[in-house]
Amino acid sequence: MKRQIIKIDEDTCNGCGQCATACAEGAIQMVDGKARLVSEVFCDGLGACLGECPVGAITIEQRDAAPYNERETMEKLLPQGKEVVRLHLEHLKNHGQQKLYDEGVAVLKEKGLEIPVMKQAVIPRPIPAALPLVSCPTSSPCGHAEERQTNWPIQLQLINPDSTVFDDTDLVIAADCTAFAYSNFYREFTLGKTLIVFCPKLDRVTDLYVEKLATIFSRHAIRSITLLRMLVPCCGGTSMIVKQALAQSGKDIPVSEHIVDFDGTLRS
C-alpha cells in the first residue's frame, strides 16, 4: 500500500542519534553510526523525528510500504516502560490520529494496564457566542496600505531571493499551519513585515529551503527574524531550516521564536 513514511539520507546523516531517541515507536535505530529505518511496520509517518534532525537528513515521502500496525507497535513499546508508552500515545493524539490512539488504548485495557495521562492533550478552543467586531481607526480607512501584506508570493518555493522586498526589512518566517491555528496571526506578527511561509514536513525540499533562505539572508539587510511554528515535533524542522540557513549565510540576525500550542495559544 502507498502511504507516508520517513526517508533517511544516509550520506547527510551525521550519526547524532537524536532521531532514534525521538522515535518512540522504535522504527529508527542507529546502525554502523547512521540512522536507519529498521521497521516500516513501526513507522507511523507522522514525522516526530523531523524536528530532531540537526542536518535535515530526514524527509517524508509517499511510497509503497508495509502498513503501520498499532497493535504490534504497542507490544514492542510496553517493555520499554510507561513513559515511552505515554509519549507514543501523546504523539498519536496530538497529530489527530484518534483511531490509532484508540487501538493503542485498547491494547492497554486488554492487558489490564493503566492508561497514561496525556501532558499535551489536544484541547478544543472554545468558540465565543459572537465574534467581536473590529472597528477601523478614525484616522485611516480599513484596508489602509500600511495594514496590507507587503509582499507576494509568500510561499518559499515561489519566492525570488533577489526580490527587493527583502531589502532592509523585518522578516516573518512561519510554518503554514500557524496562520490558521493562531487567530491573531496577521495583525500581531506580519503587519509592516515581509512574510515567508512553508511546511517543513510536506514540502520535502529541505536543502532547497536552506539554500534559498541563506541566499536571502546573505544578499539583503534583514533587521530581524520572527519565527512561528506549531508545537508538534515535526514542525521543529522550521527552526532547524532557519538555523542552518543562518549558519550558511554567515549573518548574525536576531531571531525570536514563537510556538503555537494545540489550543491556539502562544508559547514564546
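To be clear, the structure that these remarks concern was listed above.
Reference entry: report on the structure contained in this document. These numbers come from a predicted model, not from an experiment.

## Section: a negative patch on the surface
Phase 1 of the analysis: Judged by side-chain charge, Asp 9, Asp 11, Asp 207 and Glu 211 come together as a negatively charged surface patch.
Phase 2 of the analysis: Checked against the element boundaries, Asp 207 lands in helix α7 (residues 206–219).

## A word on the sheet that holds strand β9 (residues 266–267)
Phase 1 of the analysis: Pairing in this open sheet of five strands is mixed, and the strands run β6-β5-β7-β8-β9 from one edge to the other. Looking along the sheet, the strands with just one partner apiece sit at the ends: β6 (194–198) and β9.
Phase 2 of the analysis: By the bridge criterion, five bridges tie strand β5 (residues 169–175) to β6 in an arrangement that is parallel. Residue pairing across strands places Leu 171 opposite Thr 194, the latter belonging to β6.
Phase 3 of the analysis: Where helix α8 (residues 236–249) meets the sheet, it contacts β5, β6, β7 (222–230) and β8 (255–260), and its direction lies at approximately 155° from that of β7.

## Some remarks on the pairing of β8
Phase 1 of the analysis: Pairing of β7 with β8 involves six bridges; the strand directions are parallel. Bridge pairing in β8 places Met 230 opposite Val 260.
Phase 2 of the analysis: Regarding topology, α8 serves as the crossover connection from β7 to the parallel β8, and that connection is right-handed.
Phase 3 of the analysis: Where β8 lies against β9, two bridges are found, and the strand directions are antiparallel. Paired with Ile 259 across the two strands is Arg 267, which belongs to β9.
Phase 4 of the analysis: Connecting β8 to the antiparallel partner β9 that follows it, the hairpin turn spans five residues, and Gly 264 within it adopts a positive phi of roughly 85°.

## Side note on the environment of Glu 188
Phase 1 of the analysis: Here Glu 188 shows up in helix α6 (residues 185–190).
Phase 2 of the analysis: Given the relative accessible area of 38%, Glu 188 is considered partly exposed.
Phase 3 of the analysis: When near neighbours in sequence (up to four residues on either side) are disregarded, Glu 188 contacts Tyr 182 and Leu 266.

## A closer look at α7
Phase 1 of the analysis: Helix length check: α7, at 14 residues, gives a terminal C-alpha distance of 20 Å against a target of 20 Å (1.5 Å per residue), a fit within 8%.
Phase 2 of the analysis: Of the residues making up α7, those classed as buried are Thr 206, Tyr 209, Val 210, Lys 212, Leu 213, Ala 214, Thr 215, Ile 216 and Phe 217.

## Some remarks on the packing of helix α2 (residues 70–77) against helix α4 (residues 98–110)
Phase 1 of the analysis: Their axes nearest at 9 Å, the elements α2 and α4 cross at an angle of 50°. As judged from the angle between their axes, α2 and α4 are oblique. Along this stretch, α2 crosses α4, giving a crossing that reads as right-handed. Between α2 and α4, the contacting residues are Glu 70, Arg 71, Met 74 and Glu 75 on the first element and Leu 100, Glu 103, Gly 104, Val 107, Leu 108 and Glu 110 on the second.
Phase 2 of the analysis: Residue classes in the contact of α2 with α4 are distributed as four nonpolar, one polar and five charged.

## Section: the environment of Ile 241
Phase 1 of the analysis: The topology assignment puts Ile 241 in helix α8.
Phase 2 of the analysis: Looking at Ile 241, the relative accessible area reads 1%, which means it is buried.
Phase 3 of the analysis: Sequence spacing of Ile 241 and Asp 207 is 34 residues, and the spatial spacing of their C-alpha atoms is 8.4 Å.

## Some words on the pairing of β6
In summary, the side chains of a regular strand alternate between the two faces of the sheet.
Phase 1 of the analysis: For β6, the tally of buried residues reaches five of five residues, placing the bulk of the element in the interior.
Phase 2 of the analysis: Of the two faces of β6, the one carrying Thr 194, Ile 196 and Phe 198 and the one carrying Leu 195 and Val 197 are both buried.

## Things to note about the nonpolar core
Phase 1 of the analysis: Core analysis: the largest hydrophobic core is formed by 38 residues, its most contacted members being Ile 6, Ile 28, Ile 58 and Leu 195.
Phase 2 of the analysis: Contributing elements (two or more residues each) for this core: β1 (2–8), α1 (18–22), β4 (58–64), β5, α6, β6, β7 and β8.
Phase 3 of the analysis: With residues up to four places along the chain from it excluded, the contact list for Ile 58 reads Ile 6, Lys 7, Ile 8, Cys 19, Cys 49, Leu 50 and Cys 53.
Phase 4 of the analysis: Phe 198, Val 210, Phe 217 and Ala 245 belong to the second largest nonpolar core, which has 22 residues in total.

## Here we look at the packing of aromatic side chains
Phase 1 of the analysis: Per the counting criterion, the structure on display carries two aromatic pairs.
Phase 2 of the analysis: For the pair Phe 198 and Tyr 209, a centre-to-centre distance of 5.0 Å together with 55° between the ring planes defines the contact as tilted. Here the residue Phe 198 occupies a position in strand β6, and Tyr 209 occupies one in helix α7, the gap between them amounting to eleven residues.
Phase 3 of the analysis: A relative accessible area of 0% places Phe 198 in the buried class.

Cut-offs applied
- Residues numbered from 1 in each chain as written.
- Predicted model: local features only at pLDDT ≥ 70, side-chain atom pairs only at ≥ 80, totals over all residues.
- Heavy atoms only, no water.
- Patch = residues over 30% accessible without salt bridge, like charges linked within 9 Å, V, L, I, M, F, W, Y side chains within 5 Å.
- Areas by Shrake-Rupley, 256 points an atom, 1.4 Å probe, with all protein chains shown as cover.
- Salt bridge = Lys/Arg side-chain N within 4 Å of Asp/Glu carboxyl O.
- Lys, Arg positive; Asp, Glu negative; His and termini not counted.
- Charge placed at Lys NZ, Arg CZ, Asp CG, Glu CD.
- Helix = DSSP H or I, 4+ residues; strand = E, 2+ residues; numbered from the N terminus.
- Pairing = 2+ DSSP bridges.
- Contact = heavy atoms within 4.5 Å.
- Axes fitted to C-alpha atoms, helices over the stretch in contact; angles between N-to-C directions.
- Right-handed = clockwise from strand over helix to strand, strands pointing away.
- Buried < 20%, exposed > 50% of the residue type's maximum accessible area, 1.4 Å probe, protein only.
- Expected span 1.5 Å × (residues − 1).
- Parallel < 35°, antiparallel > 145°, perpendicular 65-115°, else oblique.
- Left-handed = near helix turned anticlockwise from the far one by under 90°.
- Nonpolar A, V, L, I, M, F, W, Y, C, P; charged D, E, K, R; others polar.
- Core = buried A, V, L, I, M, F, W, Y, C linked by side-chain atoms within 4.5 Å.
- Phe/Tyr/Trp six-rings, centres within 6.5 Å; stacked < 30°, edge-to-face > 60°.

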